[in-house]
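One letter stands for each residue in the lines below.
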Amino acid sequence: MKEFSFNRMGKVLAWYLKVNWKWLAIWTLGALLGIYLLQMFFAATFATQMKTAFILEMLVAISSFAIMVVLFVMFAQIFERIKTKQKAISFLMLPATNAEKYTVLMLVITVVFPLCMLLAFMLGDTLRGLSITLFTGEEFLSGIPVLPRVYGNGILESIHHFKGLMMACFVVISFIWLHSLYVWGGSVFRKNAFGIITLFFLLLEALVKYSYKYFWGDLLVINQDGGATFSITGYLLMVIMIVWACYNYRSSYRIFTRLQVINNKRTNL
């Protein structure tokens, strides 16, 4: 089996989800409860202002930030479900190519798990709204319609001009790079991958900020007589992040292809 088969990949994905459905359910229910309690806390704190759009948007922003942290934790656990000897044997012995099996692992942490977290947010937010209505008699307020407004409006407005479009591209490329960085870290390190990569990222960010006094100003956008424009450094950073991301994904895949049933306790190298 040398050619990539979507049919085989689909079967591996179905098997993987069947074996790990309890794990996904626990994470989803945990996130649901966490979102509900987090929103209830802030809703109680700002009870007199709950009808204002700002407070509702704040609840959505805080909840989505918490979910984003959970997602990056999961990105750094790409091999977590096949780390034990028995699980590794079961997965690595499946009748599929390495590319198909690796694609399944990537799909689970990049698509399936985020969808579960989105479901957890929607249910947790709805439960918060119902609880407030039930116990206080206030109008039901949902944060679900606010979610695309919190993040989408700024993007839609910014892409109407070149500088905004470049900034939007920079944000997207940055997210892809961060995703690849945590995936790479999760592929290399068997323990504390999230903490190690987060520390590395913070140190790298501090170095960049130290090198440029105004990180979001001089580094990406410069002011000229004709108005603000995206800087040459910004383009260079995007190219670096794209190349770096490609290296991270390729390195992660190569580590997977060399994965053994029993690996070093700290790394998969």
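Residues numbered from 1 in each chain as written. Predicted model: local features only at pLDDT ≥ 70, side-chain atom pairs only at ≥ 80, totals over all residues. Heavy atoms only, no water.

## So, the overall build of the protein
Thought 1: Along its length, the protein carries 9 helices and 2 strands.
Thought 2: Taken from the N to the C terminus, the helices and strands of the protein come in the order α-α-α-α-α-α-α-α-β-β-α.
Thought 3: With 269 residues in all, the protein has 39% of them scored as buried.
Thought 4: For the protein, long-range pairs separated by at least 24 residues make up 74% of all intrachain contacts whose partners lie at least 6 apart in sequence.
Thought 5: Carbon and sulfur atoms make up 70% of the accessible area of the protein, which totals about 15,700 Å². (Helix = DSSP H or I, 4+ residues; strand = E, 2+ residues; numbered from the N terminus. Buried < 20%, exposed > 50% of the residue type's maximum accessible area, 1.4 Å probe, protein only. Contact = heavy atoms within 4.5 Å. Areas by Shrake-Rupley, 256 points an atom, 1.4 Å probe, with all protein chains shown as cover.)

## Remarks on the side chain of Ser142
Thought 1: Residue placement: Ser142 occurs in the loop between α5 (98–136) and α6 (146–158).
Thought 2: Here the side chain of Ser142 touches Asp125 through a polar contact of 3.5 Å, side chain to side chain.
Thought 3: There is a polar contact of 3.2 Å between the side chain of Ser142 and the backbone nitrogen of Ile144.
Thought 4: What Ser142 contacts, discounting residues up to four positions off in sequence, is Leu56, Asp125 and Arg128. (Polar contact = N/O pair within 3.5 Å; in protein donor to acceptor, adjacent residues only side chain to side chain.)

## Some words on the pattern of salt bridges
Thought 1: Following the criterion strictly, the structure yields 3 salt bridges and no others.
Thought 2: The salt bridge involving Lys83 is made with Glu80; its shortest N-O contact spans 3.2 Å. (Salt bridge = Lys/Arg side-chain N within 4 Å of Asp/Glu carboxyl O.)

## Observations regarding the packing of aromatic side chains
Thought 1: Scanning the entire structure with this criterion turns up 19 aromatic pairs.
Thought 2: Members of the aromatic cluster, joined through ring pairs, are Trp15, Tyr16, Phe79, Phe91, Tyr102, Tyr253 and Phe256. (Phe/Tyr/Trp six-rings, centres within 6.5 Å; stacked < 30°, edge-to-face > 60°.)

## So, the nonpolar core
As a rule of thumb, soluble globular proteins bury nonpolar side chains together.
Thought 1: With 56 residues, the main nonpolar core has Ile78, Phe79, Phe91, Leu105 and Phe256 as its most contacted residues.
Thought 2: Where this core is concerned, the elements lending two or more residues are α1 (6–19), α2 (21–45), α3 (53–75), α5, α7 (162–188), α8 (193–211) and α9 (232–257).
Thought 3: Top contributing element to this core by residue count: α5, with 12 residues.
Thought 4: Beyond its immediate chain neighbours, meaning those up to four positions away, Leu105 contacts Tyr16, Ile78, Phe79, Ile82, Phe91 and Phe256. (Core = buried A, V, L, I, M, F, W, Y, C linked by side-chain atoms within 4.5 Å.)

## Points about the packing of α5 against α9
Thought 1: Packing of α5 against α9 leaves a shortest axis separation of 10 Å and a crossing angle of 120°. Put simply, α5 runs oblique to α9. Handedness of the crossing formed by α5 with α9: right-handed. Between α5, through Asn98, Ala99, Lys101, Tyr102, Leu105 and Met106, and α9, the contact on the second element is made entirely by Tyr249, Ser252, Tyr253, Phe256 and Thr257.
Thought 2: Its residues assigned to classes, the contact of α5 with α9 shows 7 nonpolar, 3 polar and 1 charged. (Axes fitted to C-alpha atoms, helices over the stretch in contact; angles between N-to-C directions. Parallel < 35°, antiparallel > 145°, perpendicular 65-115°, else oblique. Left-handed = near helix turned anticlockwise from the far one by under 90°. Nonpolar A, V, L, I, M, F, W, Y, C, P; charged D, E, K, R; others polar.)

## Re a nonpolar patch on the surface
Thought 1: Taken together, the side chains of Met68, Val172, Phe175 and Ile176 define a hydrophobic patch exposed on the protein surface, amounting to about 320 Å² of accessible area.
Thought 2: Here the nonpolar patch gets 3 residues from one element, more than from any other, and that element is α7.
Thought 3: Tracing the backbone through its elements, the reader meets Met68 in helix α3. (Patch = residues over 30% accessible without salt bridge, like charges linked within 9 Å, V, L, I, M, F, W, Y side chains within 5 Å.)

## Here we look at the confidence of the model for the protein
Thought 1: Counting all residues, the mean pLDDT for the protein is 85, and 84% of those residues have values of 70 or more.
Thought 2: At the level of individual helices and strands, the protein shows its lowest average pLDDT in strand β1 (residues 221–224), which scores 56, and its highest in α1, which scores 95. (pLDDT = per-residue confidence, 0-100.)

## Considering the packing of α2 against α5
Thought 1: At a minimum axis separation of 8 Å, α2 and α5 run at an interaxial angle of 40°. Viewed along their axes, α2 and α5 adopt a mutual orientation that is oblique. You can see that α2 and α5 cross each other, and the crossing is right-handed.
Thought 2: Of the residues assigned to the contact of α2 with α5, the class counts are 19 nonpolar, 4 polar and 2 charged.

## Looking at α1
Thought 1: Along its 14 residues, α1 runs 20 Å from first to last C-alpha, staying within 8% of the 20 Å computed at 1.5 Å per residue.
Thought 2: Where the residues of α1 are buried, they touch α4 (85–92) and α5. (Expected span 1.5 Å × (residues − 1).)

## Considering α9
Thought 1: Here α9 spans 38 Å end to end across 26 residues, near enough to the 38 Å set by a 1.5 Å rise per residue.
Thought 2: Taken as a whole, α9 has its buried residues at Gly234, Met238, Met241, Ala245, Asn248, Ser251, Ser252, Ile255 and Phe256.

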